[in-house]
Amino acid sequence: MGKQIINQEKTSGQETHQISGEIKLTEERKSKLVDSIDSQSKTVGKIKDKLVNTKIDSNKPIMEIKTINKTFDTGSGPIHVLHDITFNIMPGSFNIIFGPSGSGKTTVLNTLLGLEKPDTGMVSFYGQDIYKLDQDEMAQFRAHRYGVVYQSSNWVESLNVVENVALPLLFLGIDENWAYKKAIENLEIVGMEQFSTRDPKTLSGGQQQRISLARSLINNPWVVIADEPTGNLDSKAGNDVMQILYDLTKNLKRTVILVTHNMDYVILATQMIYI
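Residues numbered from 1 in each chain as written. Predicted model: local features only at pLDDT ≥ 70, side-chain atom pairs only at ≥ 80, totals over all residues. Heavy atoms only, no water.

Participant: Give me the lowdown on the pairing of strand E8 (residues 223-227), citing residues and values where you can.
Facilitator: Counted residue by residue, E8 has five buried out of five residues, so it is predominantly covered. As paired strands, strand E7 (residues 146-149) and E8 are joined by four bridges and run parallel to one another. The residue bridging Val148 from the neighbouring strand is Ile225, located in E8. Relative to strand E9 (residues 255-259), E8 runs parallel, the two being bridged by five bridges. Across the sheet, the residue bridging to Val224 is Val256, located in E9. In terms of handedness, the path from E8 via helix H8 (residues 235-252) over to E9 forms a crossover that is right-handed. (Buried < 20%, exposed > 50% of the residue type's maximum accessible area, 1.4 Å probe, protein only. Helix = DSSP H or I, 4+ residues; strand = E, 2+ residues; numbered from the N terminus. Pairing = 2+ DSSP bridges. Right-handed = clockwise from strand over helix to strand, strands pointing away.)

Participant: Explain the pattern of salt bridges to me, and be specific about the residues and the numbers.
Facilitator: Two side chains bearing opposite charge may form a pair once their charged atoms approach each other closely. Per the stated rule, a full pass over the model turns up eight salt bridges. In this structure, Glu116 and Lys70 form a salt bridge, with 3.5 Å as the shortest nitrogen-oxygen distance. Placement of Glu116 in the loop between helix H3 (105-112) and strand E5 (120-125) and of Lys70 in strand E2 (residues 63-74) is noted, with a sequence separation of 46 residues between them. Residue classification places Glu116 among the partly exposed positions, given a relative accessible area of 21%. The partner of Glu185 in a salt bridge is Lys182, and the shortest N-O contact between them spans 3.1 Å. One end of the pair is Glu185 and the other is Lys182, both in helix H6 (residues 176-189) and three residues apart, which spans about a single turn. The pair Glu185 / Lys182 is uniform in exposure class, with both members buried. (Salt bridge = Lys/Arg side-chain N within 4 Å of Asp/Glu carboxyl O.)

Below is the structure:
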């Protein structure tokens, strides 16, 4: 694999985006989304205090990725996937990672999530190297600070829609009634509350991905990481998903990191990262 080049470009024109305006975060829905789960969680104390108590500083990068390298050993020899990857993520920014298949985009996301430890380099969250956390601290930090959306929804088959959305809160030890209340509120945010008792697998791809977004937002994350969330959707359904992600950055100042092959969404980005 050839040497990687990371290009960071600031883009403009967010106000001229052409995606669907059908789904909007109304003031009522925004007020429901900003409720913190930290006071409800019985496990938050397991995370290091400096991570829990950190306040968002709009003038500092929320994440710093410095000279990340990653090599995978295979039967045919080592494969060098990431080469000196360096970039910053600012609070409230919409970041798009793009590049050819096999360039390492998903590996970058997994590294940001604390799932793929780099051979060398550092991933820091407001100055804290996340790979210096122990396994339990890492899991709790990820559960409280990140929301993740994948191309496939990975439903728990025995659970209905609202139960699947509430599941991350239940894993955190949060009261069941409160968790289901938040799940319904998040389904309202994405316009899917009427399907709360349905089996998610019986719904369309676009509907399932909007429910996946509701699940990713259930912990009121600072950073939403999305790996090809519109890859299996038609243009209308994909635009609806992108509208929600865009509203998160514009109206709630949340940070979005998105991998996509669809260059129609470039106009939404505040930073383009080419691998």
